[in-house]
Amino acid sequence: MPFSRSFLSEEQLLCSICLDVFDNPVSTPCGHSFCMTCISHYWDSVKHCQCPLCKQTFKRKPDLHINRTLREITEQFKHMKENPGATRGDRSGEDAEESLKKQDSVDGTLRPGQLPVILLDEMKRRLTRHRAHSNSLASQDETGSEQTGTPNTHSTADTQPSGLARQLSMRRYTLSGAADAVKVPLCPKHHRNLEFFCRSDLECICVECGQMEHQSHDITCAEKEWQSHKMKIGITETEIQEMTKERMQKVEEIKQSIAGVKMLSEHEVQRSMQLFGALIRSLERSQAGLLEVTEINRCSAEHQAELMIRELEQEISELRRRSTALAKLAQTENYITGLKGYSDVSIPMSMKDWTGVSLTCDLGTKTIYTSVCQLLEQFKEELQKVPAVCLSLSANQSPVRSHPKVKRIQEYAVAVTLDSNTAHPRLILSEDKKKVWCGERHQHAPNNRERFDRVVCVLACEGFISGRHYWEVEVGGKTDWDLGVASHSCNRKGKITVSPSNGYWFLSLRDKNNYAFRTEPSTALTLSLKPQKIGLFVDYEKGQVSFYNVDTKTHIYTFTDNFSETIYPFFSPCTNKTGKNEAPLVITPVLLD
């Protein structure tokens with residue numbers, strides 16, 4: 001179907017990449033058309049396939065097929081360019097149109113990828129109407145210019161469109177869609193279109209600028225240069241998106257690392273407290289032993305000195321007595337009295353030889369100092385192991401993974417229920433014996449031997465005499481609480497001295513933030529994260545009572561002792577404190593990760 005050149009122009013059939021007439025045109029899924037070779041080379045130079053015009057990105061490279069209709073039109077256009085005499089009014093054009101209509105439909109069926117003749121006629125009609133409207137506006141603009149006295153001295157080749165006609169003339173339509181209207185700016189010096197680009201000075205210039213100031217410079221077509229830059233922009237944009245994605249992933253990685261650092265820091269604080277706490281307790285015991293031995297040896301030396309002084313004073317008294325007797329005897333003139341007295345005084349005295357006698361200054365502390373030196377050597381070895389342990393933890397422990405030890409102890413979960421026969425009269429238990437809180441007044445309860453009557457606490461029904469056992473208690477919302485285990489023979493009446501030596505092993509919270517294990521004196525614990533749920537693990541054979549933060553899956557504290565009788569889980573919600581501590585302690589089911 002031939003078309004006249006008044007209907008088809010070269011701009012309508014240009015590829016947006018090479019800016020030449022289509023060669024084997026193909027259409028993308030977004031509806032734009034390009035040369036097969038141009039779009040293939042363009043997509044080979046970018047990471048993601050996208051349309052050079054609308055920038056729509058495709059997840060995978062589209063399967064491109066030649067647009068047969070557009071190819072026939074471009075070939076017809078090329079033929080008309082080569083044979084300018086072939087117009088629509090020629091008979092040969094009419095014959096070709098009839099021939100093409102016959103090719104378009106064989107028994108009423110269109111070939112794949114071919115447009116119906118009716119649709120092509122409609123396209124021709126609309127484009128012809130748009131061109132006529134543009135020419136009309138251009139005529140009006142020229143008429144208006146003449147009426148206002150605007151001179152028009154340029155030649156036909158130099159004439160520039162003005163007003164709305166100029167804008168319409170710069171908006172071209174192609175069969176692949178409407179191109180964006182671009183208003184070409186004018187050279188401020190020569191008032192010509194800035195159609196060229198000087199690569200030497202990196203600026204747009206007109207024809208006259210290129211012939212004068214930029215004569216020896218590297219000059220190219222501005223539109224082609226911009227199309228080349230647009231291809232580079234697409235590649236750069238894709239690279240920027242990739243770099244942005246990588247940095248967002250790095251942000252998430254750093255956030256996860258922060259969580260890991262917090263977890264490792266808490267573990268390190270707890271480990272250091274245990275390590276230094278053990279050293280401090282050992283040093284305190286050594287110091288107490290040293291003071292005791294020093295005091296005992298001092299007292300022994302003082303007692304020995306007193307005995308020696310007493311014995312010496314007795315000998316001194318005897319010697320003084322004899323000296324006085326001899327002095328008196330020397331003054332007598334009666335020989336009979338003198339001889340008799342001398343015989344009594346001259347009897348040898350049983351005196352002790354004090355030449356090698358001295359008070360021992362050894363207080364017996366050498367053994368204790370030796371044991372302290374050995375203790376410090378052991379502590380030094382433990383300190384040397386700490387960096388390696390921290391490195392292994394930081395390498396193997398992910399902030400989103402569960403603590404491996406917590407995973408193991410959860411397998412020893414046991415069902416724990418509260419024993420109402422041991423509950424203080426102010427305590428209120430739920431029907432399922434899983435919750436306990438402190439009331440405002442005493443309730444009527446028999447004063448049996450097992451019941452606590454001074455401290456607001458309660459034991460569990462289940463006792464342990466061997467094995468490993470684990471349970472969890474929710475403590476969120478409370479300002480004070482006590483959790484742990486107690487022995488069967490512990491004192492339950494009157495004032496209770498809480499310590500492992502009295503059969504109580506438990507962790508305490510006071511005033512929202514003060515955590516401590518109840519020893520003599522109490523062992524203060526520093527927790528960076530406030531636990532909402534506490535996990536308790538008992539290893540009867542090893543004599544260990546351990547506490548864990550269930551939410552963060554981190555270890556809080558472990559106390560080691562010797563169990564010799566049945567031990568029971570211990571619970572104390574503490575007093576209400578006028579509503580500030582009214583939340584209950586809740587025994588929750590253990591969930592295996």
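Here the structure is shown first, and the text comes after it.
Keep in mind that this is a model prediction, so the values were computed, not measured.

A. Representation of the overall build of the protein. Scanning the protein for helices and strands turns up 10 helices and 24 strands. By the burial criterion, 33% of the 593 residues in the protein qualify as buried. A separation threshold of at least 6 residues defines the contact pool for the protein, and within that pool the share at least 24 residues apart is 63%. As presented, the protein carries roughly 36,400 Å² of accessible surface, and 54% of it is formed by carbon and sulfur atoms.

B. Structural view of the sheet that holds strand 10 (residues 203-205). Strand order in the open sheet made by the 3 strands is 10-9-11, with antiparallel pairing throughout. Edge strands, defined here as strands with exactly one partner in the open sheet, are strand 10 and strand 11 (219-221). For this sheet, the mean inter-axis angle between neighbouring strands, taken without regard to orientation, is 40°. One ladder, built from 3 bridges, connects strand 9 (residues 196-198) with strand 10; its direction is antiparallel. The partner of Cys198 across the bridge, within strand 10, is Glu203. On top of the sheet, helix 7 (residues 222-330) reaches strand 9 and strand 11; it is set at about 80° to strand 11, its chief contact.

C. Inspection of the side chain of Glu225 at higher detail. The topology assignment puts Glu225 in helix 7. Here Arg199 takes part through its side chain, which lies 2.9 Å from a polar atom of the side chain of Glu225. In this view, Glu225 contacts Phe197, Arg199 and Thr220; residues no more than four positions away in its chain are not counted.

D. Summary view of the sheet that holds strand 21 (residues 544-549). Within the open sheet, the 7 strands sit side by side as 12-13-24-15-20-21-22. Their pairing is antiparallel. One side of each edge strand has no neighbouring strand; the edge strands of this open sheet are strand 12 (427-429) and strand 22 (554-560). Taking the axes of each pair of neighbouring strands and ignoring which way they run, one obtains an average angle of 20° across the sheet. Bridge analysis of strand 20 (residues 533-539) against strand 21 gives 6 bridges, and the strand direction is antiparallel. What sits directly across from Phe537, in strand 21, is Ser546.

E. Structural context of the pairing of strand 24 (residues 585-588). Across the two faces of strand 24 the burial is the same, with Leu585 and Ile587 and Val586 and Thr588 all buried. The sheet contact formed by strand 13 (residues 435-438) and strand 24 spans 2 bridges and is antiparallel. If you follow Lys435 over to strand 24, its bridge partner there is Val586. The pairing of strand 15 (residues 468-474) with strand 24 spans 3 bridges and is antiparallel.

The rules behind these values
Residues numbered from 1 in each chain as written. Predicted model: local features only at pLDDT ≥ 70, side-chain atom pairs only at ≥ 80, totals over all residues. Heavy atoms only, no water. Helix = DSSP H or I, 4+ residues; strand = E, 2+ residues; numbered from the N terminus. Buried < 20%, exposed > 50% of the residue type's maximum accessible area, 1.4 Å probe, protein only. Contact = heavy atoms within 4.5 Å. Areas by Shrake-Rupley, 256 points an atom, 1.4 Å probe, with all protein chains shown as cover. Pairing = 2+ DSSP bridges. Axes fitted to C-alpha atoms, helices over the stretch in contact; angles between N-to-C directions. Polar contact = N/O pair within 3.5 Å; in protein donor to acceptor, adjacent residues only side chain to side chain.

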